Amino acid sequence: QVQLVESGGGLVQPGGSLRLSCAASGSIFGFNAMGWYRQVPGKQRELVAAITRGGSTNYADSVKGRFTISRDNAKNTVYLQMNSLKPEDTAVYYCNARAGAYSSFNYWGQGTQVTVSS
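Presented here is an overview of the structure given in this document. (Residues numbered from 1 in each chain as written. Predicted model: local features only at pLDDT ≥ 70, side-chain atom pairs only at ≥ 80, totals over all residues. Heavy atoms only, no water.)

1. Remarks on the nonpolar core
Grouped together as the largest cluster of nonpolar side chains are 28 residues, with contacts concentrated most on Met34, Trp36, Val48, Phe67, Leu80, Met82 and Tyr93. Of all the elements in the fold, those that place two or more residues in this core are β3 (18-24), β4 (33-39), β5 (46-52), β7 (67-72), β8 (77-82), β9 (91-99) and β11 (112-116). Residue contributions to this core peak at five residues, all from β9. Once residues lying within four places of it in the same chain are set aside, the contact partners of tyrosine 93 are Glu6, Leu20, Trp36, Tyr37, Arg38, Val48, Phe67, Leu80, Met82, Gly111, Thr112 and Val114. (Core = buried A, V, L, I, M, F, W, Y, C linked by side-chain atoms within 4.5 Å. Buried < 20%, exposed > 50% of the residue type's maximum accessible area, 1.4 Å probe, protein only. Helix = DSSP H or I, 4+ residues; strand = E, 2+ residues; numbered from the N terminus. Contact = heavy atoms within 4.5 Å.)

Written out as structure tokens, the structure reads:
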């Protein structure tokens, strides 16, 4: 079984910062990639940031320059540092991991609420 446990969400003012954490039940080296998605009611879940086994990263245009994805292999944890937060960043954020040939297996965390107030 694969478990992803998220933490770090909460309420923050515009311009503030939050750091999300995603702790995996095993070595994150076993995953092809890990990432963060977000979703608001009535909208499709969208990719925010991702990091591959080799360490390459990519970001949604809307968060480039503000968000940073990183990992700590010793702690089997992936982080999302969110700076200069905007009200439009308000969403439920989900940790994702992909494994297997051609990333055939997808795993999801339970989600953590991020609210940026005005």
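Resuming the write-up.
2. Observations concerning the sheet that holds β8
The strand order across the open sheet formed by four strands is β1-β3-β8-β7, and the pairing between neighbours is antiparallel. Taken across any chain shown, the strands that pair with only one partner, and hence form the sheet edges, are β1 (4-7) and β7. On average, each strand axis in the sheet is inclined to that of its neighbour by 15°, with strand direction left out of account. The pairing of β1 with β3 spans four bridges and is classified as antiparallel. Opposite glutamate 6, over in β3, you have cysteine 22 as the bridge partner. (Pairing = 2+ DSSP bridges. Axes fitted to C-alpha atoms, helices over the stretch in contact; angles between N-to-C directions.)

3. Let's talk about the state of the cysteines
Here the structure, examined in full by the defined rule, presents one disulfide. Between the sulfur atoms of cysteine 22 and its disulfide mate cysteine 95 the distance is 2.0 Å. Note on the cysteine 22 and cysteine 95 pair: the S-S dihedral is about -80°, so by sign convention the disulfide is left-handed. Remark: cysteine 95 occurs in strand β9 and cysteine 22 occurs in strand β3; sequence separation between them is 73 residues. For cysteine 22, a relative accessible area of 0% puts it in the buried group. (Disulfide = S-S within 2.5 Å.)

4. A few points about the packing of aromatic side chains
Evaluation of the coordinates by the stated rule reveals two aromatic pairs. Ring centres of phenylalanine 31 and tyrosine 107 lie 6.4 Å apart, and the angle between their planes is 55°; on these two criteria the pair is classed as tilted. Taken together, the residues phenylalanine 31 in the loop between β3 and β4 and tyrosine 107 in strand β10 (residues 105-108) connect sequence positions 76 residues apart. On the basis of relative accessible area, phenylalanine 31 is assigned to the buried category, the value being 8%. Owing to a relative accessible area of 25%, tyrosine 107 belongs among the partly exposed residues under this scheme. Taking 5.1 Å as the distance between ring centres and 65° as the angle between the ring planes, the aromatic pair formed by tyrosine 37 and tryptophan 108 counts as edge-to-face. One end of the pair, tyrosine 37, is in strand β4; the other, tryptophan 108, is in strand β10, and 71 residues separate them in sequence. (Phe/Tyr/Trp six-rings, centres within 6.5 Å; stacked < 30°, edge-to-face > 60°.)

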